[in-house]
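These are the residues of each chain, in order.
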Number of protein chains: 2
Amino acid sequence: MNIILLSGGSGKRLWPLSNDIRSKQFIKMFKKPNGDYESMVQRVYRQILKVDKDAVVTVATSKTQVSAIHNQLGDKVGISVEPCRRDTFPAIALATSYLHDVQGVSEEESVVVCPVDPYVQDDYFTCLKELGMQADKGEANLVLMGIKPTYPSEKYGYIIPKDGNALSYVSEFKEKPNVDTAKKYIKQNALWNGGVFAYKIKYVLEKAHELIDFSDYKDLYSKYETLEKISFDYAVVEKEKSIQVMQFSGEWKDIGTWNTLTETMEEPIIGNGIINDTCSGVNILNELDRPILAMGLHDVIISASPEGILVADKEQSSYIKPYVDKFEQQIMFAEKSWGNYEVLDVEKESLTIKVTLNPGHKMNYHSHAHRDEVWVVVEGKGKTVVEGVEQTVSCGDVIEIKQGRRHTIIADTTLKLIEIQLGKEISVHDKQKFKLD
Amino acid sequence: MNIILLSGGSGKRLWPLSNDIRSKQFIKMFKKPNGDYESMVQRVYRQILKVDKDAVVTVATSKTQVSAIHNQLGDKVGISVEPCRRDTFPAIALATSYLHDVQGVSEEESVVVCPVDPYVQDDYFTCLKELGMQADKGEANLVLMGIKPTYPSEKYGYIIPKDGNALSYVSEFKEKPNVDTAKKYIKQNALWNGGVFAYKIKYVLEKAHELIDFSDYKDLYSKYETLEKISFDYAVVEKEKSIQVMQFSGEWKDIGTWNTLTETMEEPIIGNGIINDTCSGVNILNELDRPILAMGLHDVIISASPEGILVADKEQSSYIKPYVDKFEQQIMFAEKSWGNYEVLDVEKESLTIKVTLNPGHKMNYHSHAHRDEVWVVVEGKGKTVVEGVEQTVSCGDVIEIKQGRRHTIIADTTLKLIEIQLGKEISVHDKQKFKLD
């Protein structure tokens, strides 16, 4: 199957684990069968390949996430890069056009579009595959997944089907209702709209050409910034008469808040921590080396990362955003295509970070106008290039890079270094990239 | 007045701010009149000098605290260093002998002994002064401070006076009672025993010679390790017939647990933090750069330091010790005579720390058998000596020190450096000290 994963923007609802540059889908907090932890996007990708090892997966996302996606999913996954955020209709049009024009997928083939952040089991992806096969048949222009409600939720939109069969034509869409209205809908066999649908590529390309004046993927990409912000639901789904809906009645959770996230945790503690026996309903997610001790607490989430520490009553944790907005803070951790870095210390005229490069990866060849840097290799082997001069390096080596000098490092093994930045104007924006000959 | 401050050992009851090498009396958590923060020992020392600017203050403590005391109180304070811990009778005997033999205080003069950790106002020290003056009169061998009870506490020993006057002879001592017995005592004018007393130097020297075979301070110091562990109460007070007690009815708190500590906080937050309006009775003490956000919590203490993070119901926080004992952890922060250091990063074969030297101070001249070090100066000016070779250093300078090579750094201004230790066996014990010629 062809599948487009919509990888949404950054958000602060899961602060301190998510922030302006680190989206929730990249936080490693789900236990894998082998005991390691994986992120939402890794979990979903693994589940897709388990159900269909030949699936063509394309992630539709913004430029800022490209590094993290390559870092977590490797190089086989396709990425449809949105030059800027323009809501789901332009994003899906661009990704569909990318599949057709760049990946060479036939316009007769079907595509399944799915958000990247549902917490689901393998049966969900089996259903996605069936969704794609149903779209292939061409009985309707769109085939939606309808999730069988487990309670009269006020949080979701509802799909009213023509009948109660596993596959049915859609009669109507309903906005998020109150509980009583939701109960009425459920009596009419209504299903939750989980934002998952399948279509033939030519259908969405047609819709895109109707609404946007463009020739091909490249052209659409180049004028992306000028496009109107509009959702796929509003631009396409609500106007379409020929829609089928397929029932899914397996486990399904959208992980938007700390409260729903902690429900998915198999064990109450991830990371270094102790919850004493006078606690109940306490979860710890700790990315720091230092231990957390919880005593006498009830229904509390504690999370610590290089960005900060959250201690919140679980219900209250949904209202986190305005408070987090108050923290004016520098980014303390970032995933890059070559690995990641963590800020260790901030002084007036220096910044100390730990850089971890993955084996075989390298930084861009770059220079800084306003700072010197000192690198001390503390693990692994590799090669530095400073102003064209190569040098093999290993644990214990010290490299001094004066401002203006071009430099990079290439990792043979996992390579860790302490980088001390020195200058009066230290900024992530002080960076000029060069080609490495 | 002559005053001996008993500075107790390390403890974990205020973890993560106190630990094996950092005692609670050195944590800066009390707001000074000028808005800065000071530690218990700094607060008590400042209050003593306010009441009696000529007070001769001697801190009786262990070797491990000498650096921290000099760092926080300066060089004017006397220190009677206990070679090892031997309870209060040997400690008071040693400090008294130090005052007499080293400081040259006459044996006719009085001394007031006081723990270093009461949270009190200036009137307490006025009372200490009066205690000393009363001891000078020689009407009794010991003059105790009796604290007027504010409730029938089970936590304190009680002093039963002969009468209810402000100054009275002591009739009896009582161990920590239950509430009903405490109520009975209070009807008899009983007072809390706060561990404060005054005596003439010759009195304690006499008692010391009765129980210990020694000639002078130097001799007592040299055989300190062989002395029996015995409290001053048990060895002296309980056997003495001639004791007066002086009433003190001002504010008095002993700060032993998080619960009592938070009662002394003028503002609920020390450090970087937000307590949202759905919280009540929440205190934050945060030594980290990263912010803490508290939401929907009640009667909870949150404390974060380089050692770890505590989140505890206030009542529960008294039972912290067994849990903290479970953390096998390396020391992440230490005060030294020359400043302090903080561990920034721990890897298998490297340790990165930030070192801060106070102006005019220097490290010992030393070497390491099993590790190399790299210093990067990130603030200030000074001088390094490596194998006898001097070099002036300032921000941006890099100094590499191979294993076995003697080295030190001398700070002209406040000097900060990032030190990266490299080796397979990194340990604080790998250190050989030398004389700097």
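Below is a summary of the structure that appears in this document. Note on numbering: residues in each chain are counted from 1, in written sequence order. Note on labels: chains are lettered from A, ligands numbered from 1, in written order. Local features in this predicted model are restricted to residues whose pLDDT is 70 or higher, and side-chain atom pairs enter the listing and the counts only when it is 80 or higher, whereas totals over whole chains, interfaces and linings include all residues. The side-chain quantities take in all heavy atoms of the structure and omit both hydrogens and water.

**Details of the overall build of chain A**
- Secondary structure elements are taken from DSSP: a helix is a run of H or I of four residues or more, a strand is a run of E of two residues or more, and numbering for both begins at the N terminus. Within chain A, the regular secondary structure consists of 10 helices and 30 strands.
- Here chain A has a C-alpha radius of gyration of 24 Å; the compact-globule value for 437 residues is 22 Å, and the two agree.
- The C-alpha extent of chain A, read off along each of the three principal axes, is 70 × 60 × 40 Å.
- Only protein chains enter the accessibility calculation, which uses a 1.4 Å probe; a residue whose area is less than 20% of its type maximum is buried, one above 50% is exposed, and one in between is partly exposed. Taking all 437 residues of chain A together, the buried fraction comes to 55%.
- The method behind every accessible area is Shrake-Rupley, applied with a 1.4 Å probe, and residues are considered shielded solely by the protein chains displayed. Accessible area for chain A stands at about 18900 Å²; split by element, carbon and sulfur atoms hold 46% of it.
- Asp and Glu count as negative and Lys and Arg as positive, but His and the ends of the chain are not part of the count. By convention, the charge on Lys lies at NZ, on Arg at CZ, on Asp at CG and on Glu at CD. With 53 positive and 64 negative side-chain charges, chain A shows a separation of 0 Å between the mean positions of the two kinds. The reference for a compact globule is 2.2 Å times residues^0.38; the radius of gyration itself is calculated from the C-alpha atoms.

**Re the side chain of Ser 80 of chain B**
Residue and element names in this part refer to chain B.
- Relative to the helices and strands, Ser 80 is located in strand 5 (residues 78-82).
- Classification of Ser 80 by relative accessible area gives buried; the value is 0%.
- Once you skip the residues sitting within four places of it in the chain, Ser 80 turns out to touch Thr 58, Val 59, Ala 60, Thr 61, Leu 94, Ala 95 and Tyr 98. Residue contacts follow a heavy-atom distance rule, with two residues in contact if any of their heavy atoms lie within 4.5 Å.

**Observations concerning the nonpolar core**
Residue and element names in this part refer to chain A.
- The criterion is simple. A nonpolar core is a set of buried Ala, Val, Leu, Ile, Met, Phe, Trp, Tyr and Cys residues joined through side-chain atoms within 4.5 Å. In this structure, Leu 5, Tyr 124, Leu 128, Leu 131 and Met 145 are the most contacted members of the largest nonpolar core, which totals 43 residues.
- The leading source of residues in this core is helix 4 (residues 122-137), at six residues.
- Discounting residues that sit within four places of it in the chain, Leu 128 has contacts with Met 1, Ile 3, Val 112, Cys 114, Met 145 and Val 196.

**Considering the relation of the copies chain A and chain B**
- The least-squares superposition of copies is restricted to C-alpha atoms, and to residues with a pLDDT of at least 70 in both copies. The two copies are related by a screw motion: chain A maps onto chain B through a turn of 180° and a shift of 0.0 Å along the axis, at an RMSD of 0.2 Å. This pairing of chains is accounted for by a two-fold axis. Among all residues of chain A, the minimum C-alpha distance to the rotation axis is found for Leu 344 of chain A, at 2.9 Å.
- Most of the interface of chain A is mirrored in chain B: 100% of its interface residues are interface residues there too.

**Regarding the sheet that holds strand 20 (residues 333-336) of chain A**
Residues and elements named next belong to chain A.
- By the convention used here, strands pair only if DSSP detects at least 2 bridges between them. Reading across the sheet, the six strands line up as 20-21-22-29-24-27 and stay open at both edges, with antiparallel pairing between neighbours. This sheet does not close on itself; its edge strands, each paired only once, are strand 20 and strand 27 (398-401). Across the sheet, the mean angle separating the axes of adjacent strands is 20° when strand polarity is ignored.
- As paired strands, strand 24 (residues 372-379) and strand 29 (residues 415-422) are joined by seven bridges and run antiparallel to one another. By the bridge assignment for strand 29, Trp 375 is matched with Glu 419.
- In this fold helix 2 (residues 66-73) packs onto strand 20 and strand 21 (339-347), with an angle of close to 70° to the strand it touches most, strand 20. Every axis corresponds to a line fitted to the C-alpha atoms, with the helix fit spanning only the stretch in contact, and the corresponding angles, defined between N-to-C directions, vary from 0 to 180 degrees.

**So, the interface of chain A and chain B**
- Between chain A and chain B, the contact holds 56 residues from the first and 57 residues from the second.
- Note on definitions: buried area is the accessible-area loss of two parts on being combined, 1.4 Å probe, summed for both. Around 4700 Å² of area is buried between chain A and chain B when both sides are counted, 66% of it from carbon and sulfur atoms.
- A carboxyl oxygen of Asp or Glu within 4 Å of a side-chain nitrogen of Lys or Arg is what we treat as a salt bridge. Along the contact surface separating chain A from chain B lie six salt bridges.
- A salt bridge links Glu 347 of chain B to Lys 416 of chain A, with the nearest nitrogen and oxygen atoms 3.1 Å apart.
- Think of a polar contact as two N or O atoms within 3.5 Å of one another; within protein, one of them needs to be a possible hydrogen donor and the other a possible acceptor, and neighboring residues in sequence only count if both atoms come from side chains. For the interface between chain A and chain B, the tally reads 24 residue pairs in polar contact (both at pLDDT 80 or more).
- A total of six residues in the side of chain A that touches chain B trace back to one element, the largest contributor, which is strand 19 (residues 308-313) of chain A.
- A per-class count over the side of chain A that touches chain B returns 34 nonpolar, 10 polar and 12 charged.
- Relative to strand 17 (residues 292-295) of chain B, strand 19 of chain A is paired through four bridges, and the arrangement is parallel. Residue polarity follows a fixed list, in which Ala, Val, Leu, Ile, Met, Phe, Trp, Tyr, Cys and Pro are nonpolar, Asp, Glu, Lys and Arg are charged, and the others, Gly among them, are polar.

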